[in-house]
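Remarks on the overall topology
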Amino acid sequence: MTSQGAQVVAFPEAEISLLDAYLRGLPSASTRTVYRRALAAFDEFIGVKERLAATRRNVEAYRAHLEALGRAPSTICQHLSALVGFYDFALDEKLIDNNPAARARRPKLPKRSSRQGTEVHETQAMLRVCCVSTDALIDLRDCALINVLALQAWRIEEALGLQVEDLGEEQGHKIAQITGKGAREDRVTLAAATWTAIHAWLEVAGITTGPVFVPVLKGGRLVPGKAMSKQAAWKRVKKLAKLAGLRHIHPHLFRHGAITAVLDAQVPLREAQDFARHADPRTTRRYDSHRESLNNPAPHVLAARLAVRPVGGT
């Protein structure tokens, strides 16, 4: 029912493709971007006109195609998840009779993460590069951004989505309200260094509302009210890493390194899980698994017990 005089405007569904209708229901912009690319890659493989006629055999042939290209198991699983979701949507729309991707075999994911996060000295070097100078606006912004990534272990999307209105205090703590993976909202405590860096940037930049991390153009001109892009943030991190004389570093490595560092510091797994905002503690353990596997003393203990000497040893 509508109030008298109200005008009902029909949403122009006829102008929206099945793919776009499916993607708009996904919880986050990053997921929509990744799934769109995955479905576009599948269309290139099978032909866009054949998408709704695909069979399980076609889907598994696509999986074999990705394996032949050398794609990582996690990437292949991501592509198959996109297909499962899309075909579920088409099934609900009564455009197909079954989901050809639902029972398609997937590669096994490794229980351990092979990714190596930033080391403590690398994080310190990055902070020194951008946080020693407080003259340039871009240095202040980058200092705040690296603090958020390295000390708070935020995903880059979470950092760039931060608004001035999200900052506050609660029970004596400096906090921020952030929107995380799956559009989940969390209140998180900010380290004193992070709070100081953010507010130093905001004060000098004169930002009082809207996105915290905005573009800084040549000549120090700001673009208020508009968050810097993910691509721009990646470029800044890469440039800072180069200035610090470090290997290739991208934003997510800070998150991996931060979680590993807190576990190294004997922070209990439950608290590390809350810090990382993981729903499952096994996810937190995967971030730490690379360090644990390398530090495992078992082979050294066994060699000592069996009195095994290195070849050529005395």
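Report follows, based on the coordinates. (Residues numbered from 1 in each chain as written. Predicted model: local features only at pLDDT ≥ 70, side-chain atom pairs only at ≥ 80, totals over all residues. Heavy atoms only, no water.)

**So, the packing of aromatic side chains**
Our working rule: Stacked, edge-to-face and tilted labels apply to pairs of Phe, Tyr and Trp rings (six-membered ring for Trp) whose centres lie within 6.5 Å, assigned for plane angles under 30 degrees, over 60, and everything in between, in that order. Segments assigned H or I by DSSP are reported as helices when at least four residues long, segments assigned E as strands when at least two residues long, and all are numbered from the N terminus. Per-residue accessibility, obtained with a 1.4 Å probe over protein chains only, is compared with the maximum for each type, and a residue is labelled buried under 20%, exposed over 50%, and partly exposed between these values.
Evaluated as defined, the whole model comprises five aromatic pairs. Ring geometry for Tyr-22 versus Phe-89: centroids 6.1 Å apart, planes at 50°, classification tilted. Of this pair, Tyr-22 sits in helix α1 (residues 18–23) while Phe-89 sits in helix α4 (residues 73–92), and the two are 67 residues apart along the sequence. Under the relative-accessibility criterion, Tyr-22 is labelled buried at 7%. Ring geometry for Phe-45 and Tyr-62: centres 5.4 Å apart, planes at 50°, overall tilted. Highlighted residues: Phe-45 in helix α2 (residues 29–46) and Tyr-62 in helix α3 (residues 56–68), separated in sequence by 17 residues. Members of the aromatic cluster, connected to one another through ring pairs, are Tyr-22, Phe-86, Tyr-87 and Phe-89.

**Here we look at helix α10 (residues 251–264)**
One turn of an α-helix holds 3.6 residues; hence residues three or four places apart share an orientation. Rule in force here: Each helix should span, by expectation, one fewer than its residue count multiplied by 1.5 Å.
Over its 14 residues, α10 runs 21 Å from end to end, which matches the ideal 20 Å to within 8%, given 1.5 Å per residue. Counting buried residues along α10, 11 of its 14 residues qualify, which places the element largely inside the surrounding structure. Of all the residues in α10, the buried ones are Pro-251, Leu-253, Phe-254, Arg-255, His-256, Gly-257, Ala-258, Ile-259, Thr-260, Val-262 and Leu-263. Following α10 by one or two positions, Gln-266 adopts a phi angle in the positive range, close to 70°.

**Some remarks on the pattern of salt bridges**
Heads up, the condition is: Salt bridges are identified by distance alone: a Lys or Arg side-chain nitrogen within 4 Å of an Asp or Glu carboxyl oxygen.
Taken as a whole and assessed by the stated rule, the structure comprises 13 salt bridges. Across the pair Arg-105 and Glu-60 runs a salt bridge, and its minimum N-O distance is 2.9 Å. Of this pair, Arg-105 sits in the loop between α4 and α5 (120–131) while Glu-60 sits in helix α3, placing them 45 residues apart in sequence. Residue Glu-60 is classed as buried on the basis of its relative accessible area of 16%. Salt bridges sharing partners connect three or more residues here, namely Arg-56, Glu-60 and Arg-105.

**As for α4**
Rule in force here: Contacts are assigned to residue pairs with any non-hydrogen atoms lying within 4.5 Å of each other.
With 20 residues, α4 extends 29 Å from end C-alpha to end C-alpha; this agrees with the ideal 28 Å at 1.5 Å per step. Turning to α4, its buried residues number three or more, namely Ile-76, Cys-77, His-79, Leu-80, Ala-82, Leu-83, Val-84, Gly-85, Phe-86, Tyr-87 and Ala-90. Looking at the buried positions of α4, the neighbouring elements they touch are α1, α2 and α3.

**Considerations on unusual backbone geometry**
The phi dihedral of Ala-153 is positive, around 60°, even though this residue is not glycine. Its place among the elements puts Ala-153 in the loop between α6 (137–152) and α7 (156–160). In this structure, Gln-266 takes a positive phi of about 70° despite not being glycine. When you line up the elements, Gln-266 lands in the loop between α10 and α11 (269–276). Judged by its relative accessible area of 66%, Gln-266 falls in the exposed class.

**Points about the sheet that holds strand β2 (residues 173–179)**
Just so we agree on the cut-off: Note on pairing: DSSP must find at least two bridges between two strands before they are called paired. Lines are fitted to the C-alpha atoms to define the axes, a helix being fitted only along its stretch in contact, and any angle between axes, read from their N-to-C directions, falls within 0 to 180 degrees.
The strand order across the open sheet formed by three strands is β1-β2-β3, and the pairing between neighbours is antiparallel. Each edge of the sheet is formed by a strand with only one pairing partner; in this case those strands are β1 (167–170) and β3 (185–189). Direction aside, the axes of adjacent strands within the sheet are offset by 35° on average. Together, β1 and β2 form the strand contacts of helix α8 (residues 192–205), whose direction differs from that of β1 by roughly 140°.

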